[in-house]
Amino acid sequence: MIKKKIIISGVLTTESGLSIGGTKEDIGINTQDNPVVKNPLTNQPYIPGSSIKGKMRSLMELSGLAKGTKFPCGCGNKDCKVCKLFGAHMNMKSESGQPRVLFRDAYLTEEFDRLSNVIENKSETAIDRTTGTASKGSLRTKERIAAGVNFNYEIVILVHDNDNPAELQSLVETGLRMIETTGLGSKVTAGYGKVNFNIGADTYSVKTSDFVEG
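Residues numbered from 1 in each chain as written. Predicted model: local features only at pLDDT ≥ 70, side-chain atom pairs only at ≥ 80, totals over all residues. Heavy atoms only, no water.

A.B. asks: What's the story with the confidence of the model for the protein chain in this structure? I'm lost.
C.D. replies: Detailed reading of the predicted coordinates is not advisable wherever pLDDT is low. A residue-level look at the protein chain finds 88% of positions with pLDDT of 70 or above and a mean pLDDT of 91. Scored below 50 in pLDDT, residues 25–30 makes four contacts in the model with residues more than four places away or belonging to other chains. (pLDDT = per-residue confidence, 0-100. Contact = heavy atoms within 4.5 Å.)

Written as structure tokens, this is what we have:
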């Protein structure tokens, strides 16, 4: 049973351009070929909770925190930190139980939600390995969220009986730091996606309370 909830909230800051792709259909016809995902009601970018969750899980598995040998991990071992946090992949009889962590979509903070220039267009090209110059016809433009933009994020940890709340919180914070190290979204090896979750800053909050249904 769930006995408590821990709500982690804070401000994510982009420290380099961030690209989490949407689809052309999301923002209309005759628009950017490589758009970022946007709220259709405001046309402002946001960061899907699924993007943070997926990157965190992948990094935790690669770092050896999973007991299984196949990824996504579905071993369901009661001592598997990955299965406990995120759920055992495709395993309906796991010993680890239900997922403990919920990731909310992250939306622009109020100061940035009023701005119209939080998205930039970056031109890129492929390099011809023979000539060392731009390959013919390879020029493309990609949308990305500019560096220095802030988003409000929230992560909910559901603490079950026999869980260690401090351990669960520490695991989530470890995962956030892993993302800070490696980056979020696409093209992180090309300088995109450096983010800061500002753990420990004045904007960072951890609140624990009893879990109440309804």
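A.B. asks: Before we go on, may I ask you to explain the nonpolar core in this structure?
C.D. replies: Ranked by internal contacts, the top residues of the largest apolar core, which has 44 residues, are I47 and Y153. When residues of this core are traced back to their parent elements, those giving at least two are strand 1 (2–14), strand 2 (46–47), helix 2 (49–62), helix 3 (81–86), strand 3 (101–103), strand 4 (106–108), strand 7 (150–160) and helix 5 (165–182). At six residues, the largest contribution of residues to this core is made by helix 5. In this structure, I47 is in contact with L12, L18, I20, I52, D105, A106, F151 and L184, ignoring residues within four places of it in sequence. (Core = buried A, V, L, I, M, F, W, Y, C linked by side-chain atoms within 4.5 Å. Buried < 20%, exposed > 50% of the residue type's maximum accessible area, 1.4 Å probe, protein only. Helix = DSSP H or I, 4+ residues; strand = E, 2+ residues; numbered from the N terminus.)

A.B. asks: Would you mind going over the packing of aromatic side chains with me for this structure?
C.D. replies: Where two aromatic rings form a pair, the distance of their centres and the angle of their planes describe that pair. Overall, the coordinates contain three aromatic pairs when judged by the stated rule. An angle of 25 degrees between the planes, with centres 5.3 Å apart, marks the rings of Y46 and Y107 as stacked. With Y46 in strand 2 and Y107 in strand 4, this residue pair connects regions lying 61 residues apart in the sequence. Classification of Y107 by relative accessible area gives partly exposed; the value is 38%. With a centroid separation of 5.2 Å and 90 degrees between ring planes, the pair formed by Y153 and F197 is classed as edge-to-face. Of the two residues, Y153 sits in strand 7 while F197 sits in the loop between strand 8 (195–196) and strand 9 (205–210), which places them 44 residues apart along the sequence. Accessibility classification places Y153 together with F197 in one group, the buried group. One cation-aromatic arrangement involves R144 over Y192; the distance from NZ or CZ to the ring centre is 4.6 Å. In this structure, K187 packs its charged tip against the face of Y192, placed 5.7 Å from the ring centre. (Phe/Tyr/Trp six-rings, centres within 6.5 Å; stacked < 30°, edge-to-face > 60°. Lys NZ or Arg CZ within 6 Å of the ring centre and 35° of its normal.)

A.B. asks: Explain unusual backbone geometry to me, please; I cannot follow it from the model alone.
C.D. replies: Peptide bonds are trans in most cases, and residues, glycine excluded, mostly fall at negative phi. Here F71 and P72 are connected by a cis peptide whose omega angle stands at 0 degrees. Structurally, P72 can be placed in the loop between helix 2 and helix 3. Phi at N162 is positive, roughly 75 degrees, even though this residue is not glycine. By the secondary structure assignment, N162 is in the loop between strand 7 and helix 5. Overall, the relative accessible area of 79% leaves N162 in the exposed class.

A.B. asks: Is there a simple way to think about the pattern of salt bridges in this case?
C.D. replies: Side chains that carry opposite charge are capable of pairing whenever their charged atoms lie near each other. By the definition in use, this model includes nine salt bridges. Between E15 and K194 there is a salt bridge, with the nearest N and O atoms lying 3.6 Å from each other. Within this pair, whereas E15 is found in the loop between strand 1 and helix 1 (24–27), its partner K194 is found in the loop between helix 5 and strand 8, the two being separated by 179 residues in sequence. The class of E15 is partly exposed, set by a relative accessible area of 39%. By relative accessible area, K194 is classed as partly exposed at 41%. (Salt bridge = Lys/Arg side-chain N within 4 Å of Asp/Glu carboxyl O.)

A.B. asks: How do you make sense of the environment of V206 when you look at a structure like this?
C.D. replies: In this structure, V206 sits in strand 9. In the structure, V206 is positioned 50 residues away from V156 in sequence and 9.8 Å away in space, judged by C-alpha atoms. Residues contacting V206, with those up to four places away along its chain left out, are I6, I7, I8, Q169 and E173.

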